[in-house]
Amino acid sequence: MENKKTNRNTRLIIVAIVLALVVLFLCIGGSTFARYISSKNLPSNQATVAKWGYVVTADATKLFGKDYADTAIVADTTSDPKLDVKASGNVVAPGTTGKITFGVVGSAEVLAKLNLTFTVKSDVALTTGEDASATTYNPIKWTLKKGDTALVTDKTLADVSTELAKVSTEIEAGTVISDTDQAYTLSWKWDMGTTTDTNNKLDTILGYAAQGAGNYGDYVVSGTDTITVTDKSDAENPVEYTAVTKIEFDLSIEIVQISNSERAPVSGS
């Protein structure tokens, strides 16, 4: 009897446990776990750096030289028996000429600005007299062209500097600059074909000044930083000149990216 009772109690416990598990599963199954959500899949996105393809160009190989052949543009013709000028360093002389070309080519995908800075340190000159009565002889004639357009013709380096100071060109994004769009040529000549007796004399004085201090017939050269030449051909009325025998200038070519806020203001009509 006791065994039957024990077995019955065991079966009741098992049934109770099964019922409890069923109730537990029913409770769990009767609940949901969720959150609000909205979604969208975007396509793959990518970007590259904006292109910058502007290149500054400059060729000064024909600007000055120590060897000039047949009064032509500067050329390295040391072995040419027809040399008109042969010197120890770069020189200019009556009958010689030279040039430099410079500019910008290429393209870019950003707004840009071209700036040219030209600083004159010295130009060949011979000055006599003082103040308002002073006169200056500039034998070197300079010409500046943009493409085929002449901006300065047969003037001084100071005139070239004034013209280049005006160059500040804004270049729209996406612009392609060709070899001629922003191409400049600066050339010079010391013309020997249209000289006069006066020019011949002044050119000679500059040649003596370049030679350095000393006595050269009717001419006396003195000084180093400031060169003075005294013309004593008329003993009663000597004439004193101040000579500059060197050409020197600095040229800076810059093209930079700018923003719209850096644009030059538009003047009203």
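Note that this is a predicted model, so its numbers are computed, not measured.

## Examining the overall build of the protein
- From N to C terminus, the protein includes 3 helices and 17 strands.
- Considering the protein as a whole, with its 269 residues, one finds that 27% of them fall into the buried category.
- For the protein, the share of sequence-separated contacts (at least 6 apart) that also reach a separation of at least 24 residues comes to 68%.

## As for the sheet that holds strand β17 (residues 248-257)
- Judged by pairing direction, the sheet is antiparallel, and its 3 strands sit side by side in the order β10-β5-β17 without closing on themselves. The open sheet has two edge strands with one neighbour each: β10 (168-171) and β17. Here the average twist between neighbouring strands, direction ignored, is 15°.
- Pairing analysis gives 10 bridges linking strand β5 (residues 112-122) to β17, with the strands arranged antiparallel. For Ala112, the partnering residue across the bridge sits in β17 and is Gln257.
- Contacts from helix α2 (residues 157-164) reach β5 and β17 within the one sheet, and its direction differs from that of β5 by about 160°.

## Some remarks on the pairing of β5
- Here 4 bridges tie β5 to β10, and the two strands are oriented antiparallel to one another. What sits directly across from Asn115, in β10, is Ser168.

## Observations concerning the pattern of salt bridges
- Within this structure, the stated rule accounts for 9 salt bridges.
- When the shortest N-O distance is used, the salt bridge between Glu172 and Arg263 registers 2.8 Å. One end of the pair, Glu172, is in the loop between β10 and β11 (176-177); the other, Arg263, is in the segment after β17, with 91 residues separating them in the sequence.
- A salt bridge links Lys246 to Glu248; its shortest N-O distance comes to 4.0 Å.
- Within the structure, one salt-bridge network assembled from shared partners comprises Lys121, Lys246, Glu248 and Asp250.

## Notes on unusual backbone geometry
- The phi dihedral of Asp131 falls on the positive side, at around 50°, and the residue is not glycine.
- Its place among the elements puts Asp131 in the loop between β6 (125-128) and β7 (135-137).
- Using a relative accessible area of 73% as the deciding quantity, one classes Asp131 as exposed.
- At Asp154, a residue that is not glycine, the phi angle is positive and equals roughly 50°.
- On the accessibility criterion, Asp154 (37% relative accessible area) is partly exposed.

## Remarks on the packing of aromatic side chains
- Within this structure, the stated rule accounts for 8 aromatic pairs.
- Relative to Trp188, the ring of Phe64 has its centre 5.9 Å away and its plane inclined at 35°; by these criteria the two rings are tilted. Of this pair, Phe64 sits in the loop between β1 (55-59) and β2 (65-69) while Trp188 sits in strand β12 (residues 183-190), placing them 124 residues apart in sequence.
- On the basis of relative accessibility, which here comes to 1%, the residue Trp188 falls in the buried class.
- Put simply, the rings of Phe64, Tyr68 and Trp188 pair up and form one aromatic cluster.

## Some remarks on the nonpolar core
- By size, the foremost hydrophobic cluster in this structure holds 46 residues, and its most contacted members are Phe102, Trp142, Leu164, Leu186 and Val229.
- The residues contacting Leu186, other than those within four sequence positions of it, are Gly98, Lys99, Ile100, Phe102, Phe118, Trp142, Thr143, Leu144, Val160 and Phe249.

## Quick notes on α2
- Regarding α2, the residues found buried are Leu157, Val160, Ser161, Glu163 and Leu164. Axial view of α2: buried residues confined to an arc of 165°, hence all on one face.
- Of the surrounding secondary structure, the elements contacted by the buried residues of α2 are β4 (97-107), β5, β8 (140-146), β9 (149-155), β12 and β17.

## Re the sheet that holds β6
- The strand order across the open sheet formed by 6 strands is β7-β6-β16-β15-β14-β13, and the pairing between neighbours is antiparallel. Looking along the sheet, the strands with just one partner apiece sit at the ends: β7 and β13 (214-216). Geometrically, the sheet is characterised by an average inter-axis angle of 25° between neighbouring strands, direction not taken into account.
- Relative to strand β15 (residues 227-231), strand β14 (residues 219-222) runs antiparallel, the two sharing 4 bridges. Paired with Val221 across the bridge in β15 is Val229.

The rules behind each value
Residues numbered from 1 in each chain as written. Predicted model: local features only at pLDDT ≥ 70, side-chain atom pairs only at ≥ 80, totals over all residues. Heavy atoms only, no water. Helix = DSSP H or I, 4+ residues; strand = E, 2+ residues; numbered from the N terminus. Buried < 20%, exposed > 50% of the residue type's maximum accessible area, 1.4 Å probe, protein only. Contact = heavy atoms within 4.5 Å. Pairing = 2+ DSSP bridges. Axes fitted to C-alpha atoms, helices over the stretch in contact; angles between N-to-C directions. Salt bridge = Lys/Arg side-chain N within 4 Å of Asp/Glu carboxyl O. Phe/Tyr/Trp six-rings, centres within 6.5 Å; stacked < 30°, edge-to-face > 60°. Core = buried A, V, L, I, M, F, W, Y, C linked by side-chain atoms within 4.5 Å. Arc of directions from axis to C-beta.

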